[in-house]
Amino acid sequence: GTLDKLEAYPGFRCDLSESEVRNQLLELGCVITGTTPQIAPADRKLYGLRDVTGTVPSVPLITSSILSKKLAETLDALVLDVKFGSGAFMTDMQAAQELADSLTATASQLKLRAISILSDMNQPLGQMVGNACEVNEAVDTLKGQGPDDVKQLTLRLSAELLLATGKFDHLPQAEESLKRCLEDGRAYERYCQMMRAQGVLVNAPLPVESCQLVTSHDGGWLESIDGQLLGHSVIALGGGRRVLEDKLNHRVGLMMCVRVGERVERGQPLVEVYCDDASRSAAATQMILQALRFSEAPVESLPLLPEIS
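Residues numbered from 1 in each chain as written. Predicted model: local features only at pLDDT ≥ 70, side-chain atom pairs only at ≥ 80, totals over all residues. Heavy atoms only, no water.

### Overview of helix H6 (residues 131–142)
Thought 1: With 12 residues, H6 ought to run about 16 Å at 1.5 Å a step, and its terminal C-alpha atoms sit 17 Å apart, in line with that.
Thought 2: Regarding H6, the residues found buried are Asn-131, Ala-132, Cys-133, Val-135, Asn-136, Glu-137, Val-139 and Thr-141.
Thought 3: One or two residues past the end of H6 sits Gly-144, with phi positive at roughly 90 degrees. (Helix = DSSP H or I, 4+ residues; strand = E, 2+ residues; numbered from the N terminus. Expected span 1.5 Å × (residues − 1). Buried < 20%, exposed > 50% of the residue type's maximum accessible area, 1.4 Å probe, protein only.)

This is the structure in structure tokens:
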């Protein structure tokens, strides 16, 4: 989750009190923090019950869990990125659309303007998978660099929020304004200010483990990526939890070298694995090779934003 990634910065605080949240919002305009016993406390108990009663996939319960926290923030507007695909909770677009409709309809009944956008997660967003390496990629994006798909989705979600709050009347105008914020350094500087306020000085990329290459055994077109299996490979590296008590190694992760629809030659790099433990790396490599499926015929690339809700 987002907090796991930001906690790759030693000293990052995500347990802010309500007064700290309020003051930081007034001073900087942004804050990222976790739930507390005072913020949506019933959601924590309900989530524990959902886990043991097999109701985690319930759309009404997902809706209440997400919106309870958003409503606690007294928002003017809300933009929701509802993902679908092999790397998402909702594996197909129809289920994601059902969730998006439930979220926006429920928010509307509660007098909150909400917009849901469906985005494809049949392959990783950007190149990085893992805590520290994803943070570094996000920071590159805030500096006006980073992968095109990360930038595209970030600009679209942010532009929709600017429209919903009346800052702009047209999407292209909003996106152009946001691009300037990335290019002139304002977005990155605001991120640094937020991180300083929450206990961290951002002055260099986060360290990652040494790199090993996973190469293709055969040629062909990359047809699909099993996102769940790819995620399990990161857990095998130590970058995710099997049980709540597991301690994360924030430095491990993956860098994807190919995307769905690309032609791959035998011996070509597929994935860079960041890990210093040989046995963990070997286990993860086997999962990665199983997660990538190839075709002898050309395959179309995947649109990131196939449909707007």
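### Side note on the state of the cysteines
Thought 1: A complete count under the given rule lists 0 disulfides for this structure.
Thought 2: Of the cysteine sulfurs around Cys-133, a residue in no disulfide, the closest is that of Cys-211, at 11 Å. (Disulfide = S-S within 2.5 Å.)

### Let's talk about the nonpolar core
Thought 1: Among the nonpolar cores identified, the biggest contains 22 residues, and Leu-254, Val-271, Val-273, Ile-288 and Leu-292 are the most heavily contacted of them.
Thought 2: Where this core is concerned, the elements lending two or more residues are strand E5 (220–225), helix H10 (227–237), strand E6 (253–256), strand E8 (269–274) and helix H11 (278–291).
Thought 3: In terms of residues, this core owes the most to one element, H10, which gives 4 residues.
Thought 4: Among all residues touching Leu-292, those that are not within four sequence positions of it are Leu-222, Ser-224, Ile-225, Met-256, Leu-270 and Val-271.
Thought 5: Counting 17 residues, the second-largest nonpolar core is a separate cluster that includes Val-59, Ile-62, Leu-80 and Phe-84. (Core = buried A, V, L, I, M, F, W, Y, C linked by side-chain atoms within 4.5 Å. Contact = heavy atoms within 4.5 Å.)

### Looking at the environment of Val-243
Thought 1: Relative to the helices and strands, Val-243 resides in the loop between H10 and E6.
Thought 2: Of the residues examined, Val-243 reaches a relative accessible area of 44% and is grouped as partly exposed.
Thought 3: Spatially, the C-alpha atom of Val-243 lies 34 Å from that of Ser-158, the residues being 85 residues apart in sequence.

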